[in-house]
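Summary of structural features
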Amino acid sequence: MSSDLFEKVAVIGAGTMGNGIAQVFASCGSHVTLVDLNEDALKRGMEAIESSLARVVKKERMTQADADATMARLSKSTRLEDLTDQRLIVEAVSERADIKASVFKTLDAVAHPDAILGSNTSSISITEIAANTKRPDKVIGMHFMNPVPVMKLVEVIRGHQTSDATTDAVMAASRALGKEPVAANDYPGFVSNRVLMPMINEAVFCLMEGVATREGIDTVMKLGMAHPMGPLTLADLIGLDVCLDILEVLHRGLGDDKYRPCPLLRRMVAAGCLGRKSGRGFYDYQ
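Just so we're clear, the structure is a prediction, and the values are computed from it rather than from any experiment.

With that settled, consider the pairing of strand β5 (residues 116-119). Of the two faces of β5, the one carrying Ile116 and Gly118 and the one carrying Leu117 and Ser119 are both buried. Inspection of the sheet shows strand β4 (residues 88-91) paired to β5 by 4 bridges, in the parallel sense. Across the sheet, residue Leu88 finds its bridge partner in β5, namely Ile116. The parallel pair β4 and β5, bridged by helix α4 (residues 97-110), forms a crossover whose chirality is right-handed. When β5 meets strand β6 (residues 139-144), the two strands line up parallel, connected through 3 bridges. Residue pairing across strands places Ser119 opposite Gly141, the latter belonging to β6.

Put into structure tokens, the structure is as follows:
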């Protein structure tokens, strides 16, 4: 294990992002506690990690012995109160400010005084999240990309009071994970989603207005702009509800109508058509 990695890490939220973050840390040698209040979600998260590791072994990028050792470094809990000795805790719960505020208030009360509290938020202000703690200098954004075990980028976001020491430690740990960290300041959407979400939103407007079919829009961006997947396919992968949440943060935080969510996106979210996770979005996955 690299000396820049944290020996003990906790990840809050056992969903797609949370279990991916837990897998990456455990694969690199950290002892990881995966936390979710829902026991079934925890079980699914651990099973997802095991399945992911099996695919890596099948592709001969990891030995079975290393996969078994990775799983042995993972534990699970349904209680935030159990997180008393980790030096890095990464929150990966739903992209809602009220939920994150509650999590960080509890973490601040129970975590070791020296623990760094990271958030995988894709758009919510790190400064606002840090305001729920008495350690704003130790609160930072660690925005991983999906799928976490594959994607190299980690967007590292400094809040208004995040210290140089906290930033340096997280940048170093990200590199030790084999990732490429990029520092960003605390503005709505940071860099990644401030650029990405308007593109996705405009693609949805193009579909709503009949400019082209869903396949046509995606093909233009793949073949014309060399994107690995089209914006509507990507929106389905991210989750249309997540896209809508981020656009709402951008619209509210920057006050510019260019971030106004497309009515078709709102309608699809209201109908429960959220993309891959619901079985149907712009495309059918059932």
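A full pass over the atoms with the stated rule returns 13 salt bridges. Residue Arg214 pairs with Glu215 through a salt bridge whose shortest N-O separation is 2.8 Å. Residue classification places Arg214 among the partly exposed residues on the basis of a relative accessible area of 31%. The salt bridge involving Lys277 is made with Asp241; its shortest N-O contact spans 2.9 Å. Of this pair, Lys277 sits in the segment after α11 (263-270) while Asp241 sits in helix α10 (residues 240-254); the two residues are 36 residues apart in sequence, bridging distant segments of the chain. Among the residues examined, Lys277 registers a relative accessible area of 52% and is labelled exposed.

Another aspect to go through is the nonpolar core. By size, the foremost hydrophobic cluster in this structure holds 35 residues, and its most contacted members are Ile21, Phe25, Val32, Leu34, Leu88, Met142 and Phe144. Looking at this core, the elements with two or more residues in it are β1 (8-12), α1 (16-27), β2 (31-35), α2 (39-58), β4, β6, β7 (153-158) and α6 (164-176). For this core, the leading source of residues is α1, giving 6 residues. The contacts of Leu88, once residues within four sequence positions are left out, are Phe6, Lys8, Val9, Ala10, Phe25, Ile116 and Met142. Of all hydrophobic cores here, the second largest spans 25 residues; its members include Ala203, Ile217, Met268 and Val269.

Quick look at the sheet that holds β2 now. What the 8 strands build is an open sheet, ordered β3-β2-β1-β4-β5-β6-β7-β8; its pairing is mixed. This sheet does not close on itself; its edge strands, each paired only once, are β3 (74-77) and β8 (180-185). With strand direction ignored, the average angle separating the axes of adjacent strands in the sheet is 25°. Direction of pairing for β7 relative to β8: parallel, over a ladder of 6 bridges. Across the sheet, residue Ile157 finds its bridge partner in β8, namely Ala184. Seen against the sheet, α4 touches β1, β4, β5 and β6 and runs at an angle of roughly 165° to β5.

Further remarks concern the UniProt feature "domain: 3-hydroxyacyl-CoA dehydrogenase C-terminal" (unreviewed entry) in the protein chain. The UniProt record marks residues 189-285 with the feature "domain: 3-hydroxyacyl-CoA dehydrogenase C-terminal" (unreviewed entry), using the residue numbering of this structure. Secondary structure content for residues 189-285 is 62% helix and 0% strand, and the end C-alpha separation is 28 Å.

With that out of the way, let us pick up a negative patch on the surface. A cluster of acidic side chains, namely Glu47, Glu50, Asp66 and Asp68, defines a negative patch on the protein surface. Looking at the negative patch, the elements with two or more residues in it are α2 and α3 (64-72). Tracing the backbone through its elements, the reader meets Glu50 in helix α2.

The domain architecture assigned to the protein chain consists of domain 1 (8-185) and domain 2 (193-278). Between domain 1 and domain 2, the C-alpha centre-to-centre distance is 26 Å. Tallying the contact residues gives 6 residues for domain 1 and 5 residues for domain 2. Carbon and sulfur atoms make up 55% of the area that domain 1 and domain 2 hide from each other, which totals about 480 Å². Interface area lost by domain 1 to domain 2 is led by Glu95, Ser122 and Ser123, which between them contribute 64%. Viewed at the interface, domain 2 and domain 1 are joined by 0 salt bridges. If you look at where domain 1 meets domain 2, you find 1 residue pair in polar contact (both at pLDDT 80 or more). By residue class, the composition of the side of domain 1 that touches domain 2 is 1 nonpolar, 4 polar and 1 charged.

About the criteria used
- Residues numbered from 1 in each chain as written.
- Predicted model: local features only at pLDDT ≥ 70, side-chain atom pairs only at ≥ 80, totals over all residues.
- Heavy atoms only, no water.
- Buried < 20%, exposed > 50% of the residue type's maximum accessible area, 1.4 Å probe, protein only.
- Helix = DSSP H or I, 4+ residues; strand = E, 2+ residues; numbered from the N terminus.
- Pairing = 2+ DSSP bridges.
- Right-handed = clockwise from strand over helix to strand, strands pointing away.
- Salt bridge = Lys/Arg side-chain N within 4 Å of Asp/Glu carboxyl O.
- Core = buried A, V, L, I, M, F, W, Y, C linked by side-chain atoms within 4.5 Å.
- Contact = heavy atoms within 4.5 Å.
- Axes fitted to C-alpha atoms, helices over the stretch in contact; angles between N-to-C directions.
- UniProt positions renumbered as here; feature names shortened; annotations may be inferred.
- Patch = residues over 30% accessible without salt bridge, like charges linked within 9 Å, V, L, I, M, F, W, Y side chains within 5 Å.
- Areas by Shrake-Rupley, 256 points an atom, 1.4 Å probe, with all protein chains shown as cover.
- Lys, Arg positive; Asp, Glu negative; His and termini not counted.
- Charge placed at Lys NZ, Arg CZ, Asp CG, Glu CD.
- Domains from an automatic or database assignment.
- Buried area = accessible area lost by both parts, 1.4 Å probe.
- Polar contact = N/O pair within 3.5 Å; in protein donor to acceptor, adjacent residues only side chain to side chain.
- Nonpolar A, V, L, I, M, F, W, Y, C, P; charged D, E, K, R; others polar.

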